[in-house]
Amino acid sequence: MKIRRISVYHQTAPLTRPYKLSGGRLRFEELDCTFVKMESDTGLIGWAEGTPWGHTYLPAHGAGIRAAAELLAPALLGEDPRQLDRINRLMDLTLPGHNYAKSALDIACWDLFGQSVELPIAELLGGRYEEPVPIASSISTDTPDGMLAEINLYRDTGYYVHSVKVGGSDTDLDIQRIRHLKANERPGEFIFYDVNRAWTPAEAITVMNGVADLPVTFEQPCETLDQCAQVRALTRQPISLDERLETEGDMLRIASQHIGEVVNIKVNRVGGLTKAKRIRDIALASGFKFLIMESGGTAVADTQALQLAQSIPTELRLGTWLCQEMLSVDSAPGRGARNNGRGESSAPVLPGLGVSPDEDFLGDPVAVYE
Ligand code: MG
């Protein structure tokens with residue numbers, strides 16, 4: 001099987017309400033989505049999505065994905081999409097780095113691979129653990145009562161995992177937020193506190209030790225892995241790493257230097273499912289727990305992450321995230337990753353990715369390589 005044509009689409013996905021991290025950082029209102037359609041010489045069509053979480057969050061932007069495709073897509077024409085490590089090496093030789101811009105091309109290959117052997121991607125990734133995956137909410141920074149009110153809205157649709165955004169220079173207020181939400185946690189819930197790199201090491205140590213009596217998990221407390229290692233050495237609660245987990249080398253370092261106990265693998269940030277699988281395997285061998293999600297995107301992107309999440313042993317996976325639930329448009333109505341009404345979701349048991357976007361939603365391609 002050979003890759004015969006690659007078409008690239010661009011769409012905008014508005015959020016249902018503006019989203020902000022602590023202190024008004026990273027406020028934005030819509031996502032810039034890129035979709036890739038990959039056609040094989042056997043008549044199969046693979047799909048994938050690459051959507052950064054805005055362009056102010058991390059070094060990634062929607063137009064960058066489409067610009068990278070100008071270099072990467074021609075290099076993949078004529079290649080066998082089932083040879084994923086070879087495909088990724090070819091992309092790395094064509095354009096070193098820029099992992100986020102390679103993800104949709106990698107995943108479209110996985111979709112073709114799965115369809116060609118009539119197996120879902122989760123099974124190709126090593127095996128599918130059947131139980132549904134808990135979905136994490138994403139709770140904006142607010143007053144303690146305001147944040148609890150937002151958690152209650154999610155509870156009404158079944159959610160029992162919550163990613164709560166904290167991290168201001170007012171460490172007393174962050175301690176109040178965590179104590180208030182912990183006091184109002186319900187049995188069976190998992191609430192973790194995502195700092196999105198906002199604390200200095202001093203602030204992280206102050207807050208985490210200020211709630212050292214509580215069994216809570218923190219995510220990405222500080223900007224760099226060095227800073228997180230400093231915090232790790234002086235605090236007790238589990239630390240999850242996501243924004244500074246971009247490569248297999250990062251994962252090796254996190255594991256070998258004991259910087260955290262949980263990894264949150266953002267499939268598109270690490271370059272797609274091939275590289276996410278390598279990171280998964282290092283983390284599995286090192287005793288980590290997992291969150292698996294995309295940085296952002298529609299139901300197609302959510303489904304990509306869910307295919308990987310479904311390959312993690314049930315007792316080790318803490319959750320995923322459905323960005324689609326925060327959008328006012330739907331790229332694949334009624335299909336792909338959805339809340340089952342109990343705050344959980346399952347990857348489709350269909351060959352390949354198991355979802356494709358509506359071409360009506362996409363409009364005409366912005367570029368075609370053949
Ligand atoms: Mg995070």
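This one's a predicted model, so the numbers in the text were calculated from it and none came from an experiment.

About the thresholds
- Residues numbered from 1 in each chain as written.
- Predicted model: local features only at pLDDT ≥ 70, side-chain atom pairs only at ≥ 80, totals over all residues.
- Heavy atoms only, no water.
- Helix = DSSP H or I, 4+ residues; strand = E, 2+ residues; numbered from the N terminus.
- Buried < 20%, exposed > 50% of the residue type's maximum accessible area, 1.4 Å probe, protein only.
- Contact = heavy atoms within 4.5 Å.
- Donors = N, O, S within 2.8 Å, 3.2 Å for Na, K, Ca; no water.
- Phe/Tyr/Trp six-rings, centres within 6.5 Å; stacked < 30°, edge-to-face > 60°.
- Salt bridge = Lys/Arg side-chain N within 4 Å of Asp/Glu carboxyl O.

(A) Molecular detail of the environment of glutamate 29. Its place among the elements puts glutamate 29 in strand E2 (residues 28–40). Exposure remark for glutamate 29: the relative accessible area of 46% places this residue in the partly exposed category. Distance from glutamate 29 to asparagine 268, taken between C-alpha atoms, is 20 Å for residues 239 residues apart in sequence. Not counting residues within four places of it along the chain, the set of residues in contact with glutamate 29 comprises Pro14, Leu15 and Pro18.

(B) The coordination of the magnesium ion, seen in detail. The coordination sphere of the magnesium ion contains the protein donors Asp194 (OD), Glu219 (OE) and Asp242 (OD), at a distance range of 2.1 to 2.3 Å. Positions of the donor residues of the magnesium ion along the chain correspond to the pattern D-x24-E-x22-D. Here the residue aspartate 194 occupies a position in strand E7 (residues 190–194), and glutamate 219 occupies one in strand E8 (residues 217–219), the gap between them amounting to 25 residues. For the pair shown, aspartate 194 and glutamate 219 are each scored as buried.

(C) Structural context of the packing of aromatic side chains. This structure, assessed with the given rule, holds 8 aromatic pairs. Relative to tryptophan 47, the ring of tyrosine 9 has its centre 5.7 Å away and its plane inclined at 40 degrees; by these criteria the two rings are tilted. Separated by 38 residues along the polypeptide, tyrosine 9 in strand E1 (residues 3–19) and tryptophan 47 in strand E3 (residues 45–50) bring together distant segments of the chain. Comparing tyrosine 9 with tryptophan 47 shows no difference in burial state: the two are buried.

(D) View of the pattern of salt bridges. In the structure shown here, the tally under the stated rule is 30 salt bridges. Close ionic contact of glutamate 359 with lysine 37 constitutes a salt bridge, the shortest N to O distance being 3.5 Å. Linking glutamate 359 in helix H12 (residues 359–362) with lysine 37 in strand E2, this pair joins segments that are 322 residues apart in sequence. In this structure, glutamate 246 and arginine 269 form a salt bridge, with 3.4 Å as the shortest nitrogen-oxygen distance. Residue glutamate 246 is found in the loop between strand E9 (239–241) and helix H9 (248–256), and its partner arginine 269 is found in the loop between strand E10 (262–266) and helix H10 (273–285); the two are separated by 23 residues along the sequence.

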